[in-house]
Amino acid sequence: MSGRARVAAVETARADLVCEGGGVRGIGLVGAVDALAAAGYRFPRVAGSSAGAIVASLLAALQVAGEPLSRLTDVMRGIDYRKFLDRSLIGRIPIIGGGLSLLVSDGVYRGAYLERLLAGLLGDLGVRTFGDLRTGEKSEQFAWSLVVTASDLSRRRLVRIPWDLSNYDLDPDEFPVARAVHASAAIPYVFEPVRVAGATWVDGGLLSDFPVQLFDEPDGLPRWPTFGIRLSARPGIPPTRPVHGPVSLGIATIETLVSNQDNAYIDDPCTVRRTIFVPAEGISPIDFGLSAEQRETLYQSGLQAGRQFLTRWNYADYLAACGPPVPGRA
């Protein structure tokens, strides 16, 4: 088979998808997903960190259930982010409760509401554990349709769930998807860490907020492309934001942790070519009081960014510039 024929053979309406984290700005990811789905794309494997993990898990479950991907928009629009701020009894003490929660539980909020919400949404679609997301393929890289990332503070390493669960003596097929996403979205200091098998897991964005290379094959032609969705403008120097005082410094630190990982890799030209950039800099990832207007603005930004991406995307051109060498291809 010639190189040109081999490229044509893998050009289908399939693409793996990797979604960046970004807190409450995740509705922007949904707009981009809608643009891809409207163009006929389906996603054999999806991955994400933090907010990206939430979107990816729901997307994987919708596909398993055979539901239209447009339902993802309705689900995300219906989420009340303010309920994510679930304080413990200690945290409800006036004035000092937040500080006490941070000292006692390593986080101001519990994060339990997010896990319960996801467990219900995923369960309604027939997904409880990663065993429900088995693809039937033998290769670990293709065995599950969902991968989410968390940061293991105990081992100082990135955890790729479910791929790495055997390292914790855990059965991947029995591990709850909602628990994994909860860990991936546990922003340090804001939410309590998730304790798993003696380890302490927090937001995957702490180590890798945009693991777009996750599904890349080291050798050989990929079966289909991998698209990334990132909640930021295209690479460049971002605008300066003033930081004054301890509260401002703390917020800026958290936002930097969950928004600006992997920049050296993201600036790679081949990564840029396969990434949808959704402008979202005007909204804080930890603004849980996001208005309906802000949500719609984020969604429309994602939708427009996805459509613009598709007007210039060409898989054959991408492979020619960034793919592995193929015999017979000029």
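What counts, and at which threshold
- Residues numbered from 1 in each chain as written.
- Predicted model: local features only at pLDDT ≥ 70, side-chain atom pairs only at ≥ 80, totals over all residues.
- Heavy atoms only, no water.
- Helix = DSSP H or I, 4+ residues; strand = E, 2+ residues; numbered from the N terminus.
- Buried < 20%, exposed > 50% of the residue type's maximum accessible area, 1.4 Å probe, protein only.
- Contact = heavy atoms within 4.5 Å.
- Areas by Shrake-Rupley, 256 points an atom, 1.4 Å probe, with all protein chains shown as cover.
- Phe/Tyr/Trp six-rings, centres within 6.5 Å; stacked < 30°, edge-to-face > 60°.
- Disulfide = S-S within 2.5 Å.
- Core = buried A, V, L, I, M, F, W, Y, C linked by side-chain atoms within 4.5 Å.
- Axes fitted to C-alpha atoms, helices over the stretch in contact; angles between N-to-C directions.
- Left-handed = near helix turned anticlockwise from the far one by under 90°.
- Nonpolar A, V, L, I, M, F, W, Y, C, P; charged D, E, K, R; others polar.
- Pairing = 2+ DSSP bridges.
- Right-handed = clockwise from strand over helix to strand, strands pointing away.
- Salt bridge = Lys/Arg side-chain N within 4 Å of Asp/Glu carboxyl O.
- pLDDT = per-residue confidence, 0-100.

So, about the overall build of the chain. Scanning the chain from N- to C-terminus turns up 13 helices and ten strands. Put simply, the chain has 330 residues, and 52% of those count as buried. By sequence separation, contacts in the chain at least 24 residues apart represent 76% of the contacts at least 6 residues apart. Looking at the chain as shown, the accessible area adds up to about 14700 Å², and 54% of this sits on carbon and sulfur atoms.

This paragraph deals with the packing of aromatic side chains. Using the criterion set out here, one finds eleven aromatic pairs in the structure. Aromatic pair Trp 313 and Tyr 315: ring centres 6.0 Å apart, planes at 25 degrees, arrangement stacked. When the ring of Trp 313 is compared with that of Tyr 318, the centres are 5.4 Å apart and the planes differ by 40 degrees; the resulting orientation is tilted. You can call Tyr 318 buried: its relative accessible area is 11%.

With respect to the element layout, Cys 19 can be found in strand β1 (residues 16-19). Separated by 210 residues in the primary sequence, Cys 19 and Ile 229 have C-alpha atoms spaced 5.0 Å apart. When sequence neighbours within four positions are dropped, the list of residues in contact with Cys 19 reads Leu 29, Ala 47, Gly 48, Ser 49, Gly 52, Val 55, Asp 209 and Ile 229.

All chains considered together, the criterion is met by one disulfide. Disulfide pairing is shown between Cys 270 and Cys 322; the S-S distance is 2.1 Å. Note on the Cys 270 and Cys 322 pair: the S-S dihedral is about -90 degrees, so by sign convention the disulfide is left-handed. Highlighted residues: Cys 270 in helix α11 (residues 269-273) and Cys 322 in helix α13 (residues 315-322), separated in sequence by 52 residues.

Here we come to the nonpolar core. The biggest cluster of nonpolar side chains holds 90 residues, and the ones touching the most others in it are Leu 17, Met 76, Ile 161 and Trp 201. Considering each element in turn, this core owes the most residues, nine residues, to helix α3 (residues 51-65). Contacts of Met 76, omitting those with residues within four sequence positions, involve Gly 26, Ile 27, Val 30, Ile 54, Val 55, Leu 58, Tyr 81 and Arg 295.

Contact pair helix α6 (residues 112-124) / helix α8 (residues 177-184): the axes reach a minimum separation of 9 Å and the direction vectors enclose 145 degrees. At the point where α6 passes α8, the crossing takes the right-handed sense. Every residue of α8 that contacts α6 at Ala 112, Leu 114, Glu 115, Leu 118, Ala 119 and Leu 122 is listed here: Val 177, Ala 178, Arg 179, Val 181 and His 182. Looking at the contact of α6 with α8 residue by residue, the class counts come to eight nonpolar, one polar and two charged.

Once that is clear, we can look at the pairing of strand β2 (residues 46-49). Here β2 shows no split at all, with Val 46 and Gly 48 on one side and Ala 47 and Ser 49 on the other all buried. Where β1 meets β2, three bridges bridge the pair, whose relative direction is parallel. Looking at β2, one finds that Leu 17 is bridged to Val 46. Crossover connection from β1 via helix α2 (residues 27-38) to parallel β2: handedness right-handed. Sheet topology note: the β2/strand β4 (residues 146-152) ladder contains four bridges and is parallel. What sits directly across from Ser 49, in β4, is Thr 149.

Further remarks concern the pattern of salt bridges. One pass over the structure, following the stated rule, counts eleven salt bridges. With its nearest N and O atoms 3.1 Å apart, the salt bridge here joins Glu 115 to Arg 179. Of the two residues, Glu 115 is situated in helix α6 and Arg 179 in helix α8; the sequence distance between them amounts to 64 residues. Close ionic contact of Asp 164 with Arg 157 constitutes a salt bridge, the shortest N to O distance being 3.5 Å. Looking at Asp 164, the relative accessible area reads 3%, which means it is buried. Where salt bridges share partners, they join Arg 157, Arg 160 and Asp 164 into one cluster.

Relative to strand β5 (residues 157-161), β4 runs antiparallel, the two sharing five bridges. For Ala 150, the partnering residue across the bridge sits in β5 and is Val 159.

A residue-level look at the chain finds 77% of positions with pLDDT of 70 or above and a mean pLDDT of 82. Across the chain, β1 holds the top mean pLDDT of 97, while helix α1 (residues 3-10) sits lowest at 40. Below a pLDDT of 50 lies the segment residues 1-12, which in the model reaches 20 contacts outside its immediate sequence neighbourhood of four places, other chains included.

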